[in-house]
Amino acid sequence: MRKPIIAGNWKMNKTNAEAEKLIGELKPLVADAKCEVVICVPYTCIATAVKATAGSNIAVGAENVAWADAGAFTGEISAEMLKEIGTEYVIIGHSERRQMFGETDETVNKRTVQALKNGLKPIVCVGETLAERESGKTETVVKTQVKGGFDGISAADLKNVVVAYEPVWAIGTGKTATSEQAEETIKYIRSVFADLYGKSVADELRIQYGGSMNPKNASELMAQPDIDGGLIGGASLKAEDFAKVVKY
Ligand code: PEP
């Protein structure tokens, strides 16, 4: 059985004071959650978030990680630095990074390898743009992203990975994929992993949906057999909304 995982992606939002307040409100609301609860926060909020969530059922994640151990990589943050301050998860290959910061399947792969080597659990994002969906390329796009992003990663390492299927056209747009669209593509992504790693490994892999998931649509999406959780942007910035998604 795959344990559902709901992860917030705060993106570039919240100061430390705001993070402390939001986590303080969130903790009691999700204390009895049946799923795994994660908040992925800006680097500057990680230490605060780790302290504020101590002893709770909320794990803390980062929103990116460098592919190198250390050195001349101005502006990057290493896996060792993240581990040292209590980070457990890390989002890799979010579409905003792919679109605005030149992230490619190759760099996603390098970051994922580095995260796993250092005991961080990657949440690896894949997903098609609207033009790609409308021209019938969704499956080709996600297959290429999976093959490139997971090149050389072992079946044993895959146990510590979460995949997030995020159609780019649904992120931050208020336009959610229908539960049928989300299920269809996530089922396809699982079949790609089955081809690469075998069915039993693919059956254990948790695959989230992300893209304007909110308190209203979470339960229908989560009712789909292949959807194991959500990566939540906008709705993770308010404790009540995020808690409602967690309790889909
Ligand atoms: C995201 O940032 O991964 C995301 C899904 O954002 P939103 O929920 O706001 O669409």
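Data block above holds the structure.
Now for a look at the structure at hand. (Residues numbered from 1 in each chain as written. Predicted model: local features only at pLDDT ≥ 70, side-chain atom pairs only at ≥ 80, totals over all residues. Heavy atoms only, no water.)

### Focus on the overall build of the chain
This is how the line gets drawn: Think of it this way: any DSSP run of H or I at least four residues long counts as a helix, any run of E at least two long counts as a strand, and we number them from the N terminus. As a reference, a globule follows 2.2 Å times the number of residues to the power 0.38, and the radius of gyration itself is taken over C-alpha atoms. Relative accessibility decides the category of a residue: with a 1.4 Å probe and only protein chains considered, values under 20% of the type maximum give buried, values over 50% give exposed, and everything between is partly exposed. Residue contacts are counted whenever heavy atoms from the two residues lie within 4.5 Å of one another. Only the protein chains shown count as cover for residues, and all accessible areas are computed by the Shrake-Rupley method using a 1.4 Å probe. Only four residue types enter the tally: Lys and Arg on the positive side, Asp and Glu on the negative side, with His and both chain ends excluded. Each charge is placed at NZ for Lys, CZ for Arg, CG for Asp and CD for Glu.
Along the backbone of the chain there are 12 helices and eight strands. In terms of overall dimensions, the chain is globule-like: its C-alpha atoms have a radius of gyration of 17 Å, near the 18 Å expected for 248 residues. Across the 248 residues of the chain, 53% fall into the buried class. Sequence-distant contacts in the chain: of pairs separated by 6 or more residues, those separated by 24 or more amount to 73%. Carbon and sulfur atoms make up 53% of the accessible area of the chain, which totals about 11,200 Å². Measuring between centres, the 29 positive side-chain charges of the chain sit 3 Å from its 33 negative side-chain charges.

### Some words on the site of the ligand
Filter applied, for reference: The nearness test applies per residue and asks whether one of its heavy atoms lies within 4 Å of the molecule or strand. Think of a polar contact as two N or O atoms within 3.5 Å of one another; within protein, one of them needs to be a possible hydrogen donor and the other a possible acceptor, and neighboring residues in sequence only count if both atoms come from side chains. In this classification, the charged set is Asp, Glu, Lys and Arg, the nonpolar set is Ala, Val, Leu, Ile, Met, Phe, Trp, Tyr, Cys and Pro, and all remaining amino acids, among them Gly, are polar.
The ligand sits among 14 residues. The nearest are Lys11, Glu166, Gly172, Ser212 and Gly233. In this structure, His94 approaches the ligand through a side-chain N or O atom, which is 2.9 Å from an oxygen atom. Relative to its free-state accessible area of 300 Å², the ligand is covered by the protein chains to the extent of 95%. For the shell around the ligand, the per-class residue count stands at four nonpolar, eight polar and two charged.

### Digging into the pairing of strand β6 (residues 162–165)
Rules: Two strands form a pair only when DSSP identifies at least two bridges running between them.
Alternating positions in β6 separate into two faces, Val162 and Ala164 on one and Val163 and Tyr165 on the other, with burial throughout. Here strand β5 (residues 121–126) pairs with β6 via four bridges, running parallel. Note that in β6 the partner of Val126 across the bridge is Tyr165. The sheet contact formed by β6 and strand β7 (residues 206–210) spans four bridges and is parallel. Pairing of Ala164 across the sheet is with Gln208, part of β7.

### Remarks on the side chain of Thr107
In this fold, Thr107 is placed in helix α5 (residues 105–117). In this structure the side chain of Thr107 is engaged in a polar contact, spanning 2.8 Å, whose partner is the backbone nitrogen of Thr104.

### Considerations on the pairing of strand β2 (residues 36–40)
This is how it is decided: With the strands aimed away from the viewer, a crossover counts as right-handed if its path from the first strand over the helix to the second runs clockwise.
With respect to burial, β2 is a largely interior element, five of its five residues being buried. Burial along β2 is two-sided: Glu36, Val38 and Cys40 facing one way and Val37 and Ile39 facing the other are all buried. Bridge count for strand β1 (residues 5–9) against β2 is five bridges, and the pairing is parallel. Bridged to Ile6 within β2 is Val37. Taken together, β1, helix α1 (residues 16–30) and β2 form a β-α-β motif whose crossover is right-handed. Direction of pairing for β2 relative to strand β3 (residues 58–62): parallel, over a ladder of four bridges. The residue bridging Val37 from the neighbouring strand is Ile58, located in β3. Handedness of the β-α-β unit built from β2, helix α2 (residues 43–53) and β3 comes out right-handed.

### Topic: the packing of α5 against helix α7 (residues 138–149)
To keep it simple, the criterion reads: Axis definition: a line fit to C-alpha positions, over the contact stretch in the case of helices; interaxial angles, taken between N-to-C directions, run 0 to 180 degrees. Note on terminology: angles under 35 degrees are roughly parallel, angles over 145 are roughly antiparallel, angles of 65 to 115 are roughly perpendicular, and the others are oblique. By convention the crossing between two helices is left-handed if the near helix lies anticlockwise of the far one by an angle smaller than a right angle, and right-handed if it lies clockwise.
The geometry of α5 relative to α7 is characterised by a closest axis approach of 8 Å and an angle of 40° between their N-to-C directions. Our classification of the angle between α5 and α7 gives oblique. For the crossing formed where α5 meets α7, the hand is right-handed. Across from Asp105, Val108, Asn109 and Thr112 in α5, the residues of α7 making contact are Thr144, Gln145, Gly148 and Gly149.

### Quick look at the sheet that holds β3
Read around the closed barrel, the eight strands follow the order β1-β2-β3-β4-β5-β6-β7-β8; overall the barrel is parallel. Strand-to-strand twist across the sheet, computed as the mean angle between neighbouring axes with direction ignored, equals 25°. Contacting β1, β2 and β8 (229–232), helix α12 (residues 239–246) runs over the sheet at an angle of about 155° to β1.

### Thoughts on the nonpolar core
Threshold: We define a nonpolar core as any set of buried Ala, Val, Leu, Ile, Met, Phe, Trp, Tyr and Cys residues linked to one another through side-chain atoms lying within 4.5 Å.
If you look at the biggest cluster of nonpolar residues, it comprises 65 residues, and the most contacted ones within it are Ile39, Phe150, Phe193 and Tyr209. Considering every element that reaches this core, the biggest residue donor is helix α9 (residues 179–197), with seven residues. Among all residues touching Ile39, those that are not within four sequence positions of it are Gly8, Trp10, Ile23, Leu26, Ala49, Thr53, Ile58, Ala59, Val60, Gly61 and Phe242. With 12 residues, the next largest nonpolar core counts Ile5, Ala59, Cys125 and Val162 among its residues.

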